[in-house]
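Chains, contacts and geometry: an overview
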Amino acid sequence: MSARPDICLVGVAKSFGVDGRRVEAVAPINVRLAGGQMTALVGPSGCGKSTLLRLIAGLEATTEGTITIGAETPDALRRRAGLAMAFQDPALLPWRTVEGNVALGRALARKPRDPKVVRDLIALVGLSGFEGRRPAELSGGMQQRVAIARALAGEPELLLLDEPFAAVDALTRDRLNTELPPLWEARGASSVLVTHSVAEAVRLSDRILVLTPRPARIAADIAVPLPRPRGAEVLASRAFRALCAEVTEALRVHQYPDTVAAQ
Amino acid sequence: MKPGRGALSGSPEAEIFGALRRGVGVALVLLLWELLARATVGSYIIAAPSEITRHMLGHADLLGRALATTLGSAARGFLWGNLAGALLALAAVLMPRGERLLSTLALLVFCLPLVATGPILRVLYGPGSGPQVTLAAMAVYYTTFLPVLVGLRAAPQGWFDLVRSYGRGPVTVLREVRLPAALPYLVAGLQIAAPAAFLGAMVGEFTGAERGLGVLTVRALRALDLPATWSIAVIAAGVSMLAFAAVGALGRRLDLAPPEVLLAPPVARGRRPWANLAEAGLATAVTLLLWKGSMELFGLPRFFAKRPEDVWGYLVAAPGADAHRARLLGALGETLAMAVPGYLAGLLLGAGLAMALTLRPRLSGAVIPLSIALRSIPIVATAPLVVWALGREATGTIAVVALMIFFPTLIACQHGLARTPRAVLDLFAVYAASPLRRLLDAQLPAMLPALFASARMAIPAAILAVTTAEWLATGRGIGALMATVASTSDYGMLWSAIALIGLAAVLAHALVAALERRVLARTSPEQLAR
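A brief look at the structure comes next. Note that residues are indexed from 1 along each chain, following the sequence as it is written. Ligands are numbered from 1 and chains lettered from A, in the order in which they are written. Only residues with pLDDT of at least 70 are given local features in this predicted model, and only at 80 or more are side-chain atom pairs given and counted; all residues enter the totals for whole chains, interfaces and linings. As a convention, hydrogens and water are excluded, and side-chain values are obtained from all of the structure's heavy atoms.

**Concerning the interface of chain A and chain B**
Interface extent is often summarised as the accessible area lost during association of the parts. This is how it is decided: Contact definition: two residues touch when any of their heavy atoms are within 4.5 Å. The buried area of a pairing is the accessible area, by a 1.4 Å probe, that goes missing from both parts when the two are put together, added over both. Each reported salt bridge corresponds to a side-chain nitrogen of Lys or Arg within 4 Å of a carboxyl oxygen of Asp or Glu. Pairs of N or O atoms within 3.5 Å make up the polar contacts considered here, provided that, within protein, one atom can donate a hydrogen while the other can accept it, and that residues adjacent in sequence are counted only when both atoms are side-chain atoms. We count a stretch as a helix when DSSP gives it H or I for four or more residues in a row; a strand needs E for two or more, and each element gets its number in order from the N terminus. Gly falls in the polar group here, along with every residue not listed as nonpolar (Ala, Val, Leu, Ile, Met, Phe, Trp, Tyr, Cys, Pro) or charged (Asp, Glu, Lys, Arg).
Tallying the contact residues gives 26 residues for chain A and 17 residues for chain B. Between chain A and chain B, a total of about 1,800 Å² is buried, with carbon and sulfur atoms accounting for 57% of that surface. For chain A, the biggest contributors to the area lost against chain B are Arg78(A), Trp95(A) and Leu108(A); these three give 33% of the whole. The tally of links between chain A and chain B comes to 2 salt bridges. For Asp161(B), the salt bridge identified is with Arg54(A), shortest N-O distance 2.7 Å. Applying the counting rule to chain A against chain B returns 8 residue pairs in polar contact (both at pLDDT 80 or more). If you list the elements that add at least two residues to the side of chain A that touches chain B, you get α2 (74–79), β5 (83–86), α3 (98–108) and α5 (140–153) of chain A. If one sorts the elements of the side of chain A that touches chain B by residue count, α3(A) sits on top with 4 residues. Classifying every residue of the side of chain A that touches chain B gives 16 nonpolar, 2 polar and 8 charged.

Quick look at the structure:
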């Protein structure tokens, strides 16, 4: 992956019309996310962080403001298949095998067919031997790994992860958090991760944007200067815990502004 | 679900034992049937299996040729009808704005009474198999259209987002998501279509064909030839069940997961009343335009092909319109007096039995396979027998309508009941709630969407059943009226009757759909969300 595009949001806002009322999902946001970094968007449920991600993906149109990725609009990047997205629901096609689903990621991205790349990716996510299985035969964690492999199969310049581990049990999630980062670090794509797990955000990302309840604004912008790979000793470190505490505090202050005011 | 079934049928002893038990069961039924027939030999209702066998063997050649003819027409109608249904569904998905209009038109054409369209098609095509094939196609396209439409739309949002996130358009969505997702729904539609096509071809043959099982049916009825009528009914039932089973086996061969919901509730797009009114107005206008336009396009003679304004004149403006109207409405009244009780009885009995079976699960193991088999029997082909058995009074016709609706409703409701969420059932189990309480509070709400879907599908079925029974057996009501005026070339009355039935069907459908939305908004709003 040669290109590591910056993501630039200028005055980006989004509101929806619901039953004739306007609901503001994202308040005007200005931020620049450096290329090749992983940025985590953290915030309470329903705060609009997934909407922000969909705006970056070009799946929704902004109500105001502009987003540029490298020198392109999200739509342009999407149209030349420069981005890949992993969803909360693995969204595997049930009639395709594991191999077929991963290969679909390449096909949709208009990359030439390459069974070796597909098989290597399946091996990389630890599913060798399961190539011929259907999604229904896999556990939730395995399905999510197939979805990650599918996202990587298209060789994206920008990887968008929308709570990809939310539906996975805690132990599996921990394992995926350990095993998967090296995959995309090696590929060097720019990436944005939406999560509401503080530890996950600190562990995976280079920078954390804490968002307020709806409409989403940037409440805190926290750099994560921890060394990589982030093995057990990093997770046990004081720096790691301090960062977790900082993010948690930022979340608390903005989630319950009333309680803060009362103190 | 698979391992259990595999383990049971895996052992050869169990297989032999099962076959033995089925064999004994069939023999027992045949014996009872024979005895019953012999006991009631004076009343000309039931032909004994021995008589039927003798008739079949004695006329094997004739019956075989007739069956081949009907099968040929049914197969061609099956092909064209399903093709039309699938393409219509595709068109509706690709043009979401036109979906309501397309659905309404599709329903309207499906509700056209075969009793009337048969003679008209006969005039249009002349001699030959054209009308049979067309009627067979018309009998199947709607039951394929609906499930395929649901299947094309049923994919989760995430799959569409996935394709869009790669910047790919509607064509890729269609190829990678919609079409594969719709495949099991198509197979389910084809399964229902297989017996329906056979029935449509038979009804097509009622109206002046030269060969086929339908011709033999009419002949046997006229001659009060009991063994012949029963033989044909048995053959029709057997072929339908085989066709139903064959498509089912094909689906299993393809290893398709059975679809979740076959008939989704109507989409409520226009929230404001004026939007619905405007849509109804548009549908009416398009219908009238198609009606008149196609007749003008093909240059059909006015004497035979009445335009909308001719029907208006016949019923409202022309001299004698009062008498025409009185005759038509009188016949409609007679028909409704049969159709409505039969419709309600079929629905209530089907839903009631499905609910009763959840209280007695052991029983359902025996009843459900039987009713799946019986659903595929063309009830209409057996209508004369039912009317003979129950008399030409109201009971017979009502029973035919109810029977026609009963089996599909039973199976749909059974399916709906089985979709009660596991967690809800567990909740009731935790509190050791009585089966009745569980049924009323948990399972009944889960069943309602299926019941309403059946209620909508039952409208055309009721029209088909009541008009055919009136025509073949009782000689009353709008079915008999249409048969009479078709034979006397009173085409003004015939087209008026068609228009009235079409209007009644669409109104009934709208009524059920409105009731459905109102009830489901309370019991299962998630069903209406899309």
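**Comments concerning the sheet that holds strand β3 (residues 38–42) of chain A**
All names here are of chain A. Note the following rule: A pair of strands counts as paired when DSSP detects no fewer than two bridges linking them. Orientation is described by axes fitted as lines to C-alpha atoms, over the contacting stretch for helices, and by angles from 0 to 180 degrees between their N-to-C directions.
With respect to topology, 6 strands assemble into an open sheet ordered β5-β6-β7-β3-β8-β9, the strand pairing being mixed. Strand pairing shows two members of the sheet lacking a second neighbour, β5 and β9 (218–223), which therefore form its edges. Averaged over all pairs of adjacent strands, the angle between their axes in this sheet comes to 15 degrees, without regard to strand direction.

**A closer look at the packing of helix α4 (residues 60–94) of chain B against helix α9 (residues 170–206) of chain B**
Residues and elements named next belong to chain B. Defined as follows: Crossing handedness follows the turn of the near helix against the far one: under a right angle anticlockwise gives a left-handed crossing, and clockwise gives a right-handed one.
Relative orientation of the contacting elements α4 and α9 amounts to 145 degrees, with a least axis distance of 7 Å. Here α4 runs over α9; the crossing is right-handed. On the side of α4, the interface is formed by Leu67, Thr69, Thr70, Leu71, Ser73, Ala74, Phe78, Asn82, Leu90, Val93 and Leu94, while α9 contributes Leu174, Arg178, Leu179, Leu190, Ala193, Ala194, Ala197, Phe198, Ala201, Met202 and Glu205. Of the residues contributing to the contact of α4 with α9, the split by class is 16 nonpolar, 4 polar and 2 charged.

**Things to note about helix α2 (residues 12–39) of chain B**
To be explicit about the condition: Each helix should span, by expectation, one fewer than its residue count multiplied by 1.5 Å. For every residue, the accessible area (1.4 Å probe, protein chains only) is compared with the maximum for its type, and the residue is labelled buried under 20%, exposed over 50%, or partly exposed between those bounds.
Spanning 28 residues, α2(B) covers 41 Å between terminal C-alpha atoms, matching the ideal 40 Å at 1.5 Å per step. In terms of residue burial, α2(B) counts as a barely covered element, since only 2 of its 28 residues are buried.

**Remarks on empty space enclosed by the protein**
All names here are of chain A. The test is simple: Definitions used throughout: a 1 Å grid over protein atoms alone; a cavity as a set of points that fits a 1.4 Å probe which cannot get out; a pocket as an open set with protein on both sides within 12 Å along at least five of seven lines; a lining residue as one with an atom within 4 Å of a point. Grid points are joined across faces, edges and corners, and a volume is the space filled by probe spheres set on the points.
According to the stated counting rule, one finds 1 cavity of 30 Å³ or more in the structure shown. Put simply, the largest cavity is a space of about 40 Å³. Every residue along the wall of the largest cavity is listed here: Leu9, Ile29, Val31, Leu33, Leu41, Leu52, Ile56, Leu209 and Ile218. Among the elements that make up the lining of the largest cavity, the one with the highest residue count is strand β2 (residues 21–33) (3 residues). Partitioning the lining of the largest cavity into residue classes produces 9 nonpolar, no polar and no charged.

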